[in-house]
Amino acid sequence: MIINKMTWEDRGEGTMKTIKVKGMSCDHCVKAVTAALKAIDGIDHVKVSLEAGEATFGEIKPIDIAVIEEKIRKAGFGVG
Ligand SMILES: [Cu+2]
């Protein structure tokens, strides 16, 4: 996981994280992973890359990575 401190004009300080997501094969998968992440309270600025197999998101407040992994797994994808 890559973690970067970020400051957003709209949200103030947060943390950007990038995780590997396994099993995405098309834009539908990208939308499903994006929706799963956006549904988590405290997550914003979600960007999912099919080519890189990565999801980048901002945490407005600290969130347990286990919660994020569970949501992605429930959407049908793996976290590496
Ligand atoms: Cu797909």
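Note: the structure precedes this text.
Reading the values: rules and limits
- Residues numbered from 1 in each chain as written.
- Predicted model: local features only at pLDDT ≥ 70, side-chain atom pairs only at ≥ 80, totals over all residues.
- Pairing = 2+ DSSP bridges.
- Helix = DSSP H or I, 4+ residues; strand = E, 2+ residues; numbered from the N terminus.
- Buried ≥ 20, exposed ≤ 12 C-beta atoms within 10 Å, placed from the backbone.
- Contact = placed C-beta atoms within 7 Å.
- Arc of directions from axis to C-beta.
- Core = buried A, V, L, I, M, F, W, Y, C linked by C-beta atoms within 7 Å.
- Expected span 1.5 Å × (residues − 1).

Colleague: Help me understand the pairing of strand β3 (residues 43-49) in this model?
Modeller: Note on strand geometry: in a regular strand, side chains alternate between the two faces of the sheet. Pairing geometry for β3 and strand β4 (residues 54-59), over 5 bridges, is antiparallel. Within the sheet, the bridge partner assigned to K47 lies in β4 and is T56.

Colleague: In this structure, what is going on with the environment of T34? I would like to understand it.
Modeller: Within the element layout of this structure, T34 appears in helix α1 (residues 27-38). Accessibility expressed as a C-beta count within 10 Å gives 16 for T34, which makes it partly exposed. Residues T34 and R73 lie 39 residues apart in sequence; the distance between their C-alpha atoms is 13 Å. Beyond its immediate sequence surroundings of up to four residues, T34 is in contact with V46 and V48.

Colleague: Explanation requested: helix α2 (residues 65-74) in the structure shown.
Modeller: Working note: α-helix, 3.6 residues per turn, so residues spaced by three or four point in the same direction. Residues of α2 that are buried include every one of I68, K71 and I72, and no others. The buried residues of α2 occupy an angular sector of 95° when projected down its axis, which confines them to one face. Exposed positions of α2 whose direction lies more than 90 degrees from the buried face are A66 and K74. Immediately beyond the C-terminal end of α2, within one or two residues, lies G76, with a positive phi of roughly 105°.

Colleague: What should I look at first to understand the pairing of β4 in this one?
Modeller: Two elements, strand β2 (residues 12-22) and β4, share 6 bridges in a ladder whose sense is antiparallel. Note on β4: the bridge partner recorded for T15 is E59. Remark: 4 residues form the turn of the hairpin made by β3 and β4, two consecutive strands paired antiparallel; G53 in that turn has positive phi of roughly 65°.

Colleague: Hey, could you run me through the nonpolar core in this one?
Modeller: Side chains of nonpolar character tend, in soluble globular proteins, to be buried together. Formed by V21, M24, V33, A36, L37, I43, V48, A55, F57, I68, I72 and F77, the largest nonpolar core amounts to 12 residues. It is α1 that provides the largest number of residues to this core, a total of 3 residues. Those residues within four positions of I68 in sequence are excluded, and the remaining contacts are I40 and I63.

Colleague: What is the right way to read unusual backbone geometry from this model?
Modeller: With the exception of glycine, the majority of residues adopt a negative phi angle, and the majority of peptide bonds are in the trans configuration. Positive phi, close to 55°, is recorded for H45, a residue that is not glycine. By the element assignment, H45 lies in strand β3.

Colleague: Help me out: how do you make sense of α1 in this one?
Modeller: Taking 1.5 Å per residue, 12 residues should reach 16 Å; α1 reaches 16 Å between its end C-alpha atoms and fits that length. Among the residues of α1, those classed as buried are V33, A36 and L37. Along α1, the residues classed as buried sweep out an arc of 95° about the axis, all on the same side. More than 90 degrees from the buried face of α1, the exposed residues found are D27, H28 and K31. Where α1 is buried, its residues meet β2, β3, β4 and α2.

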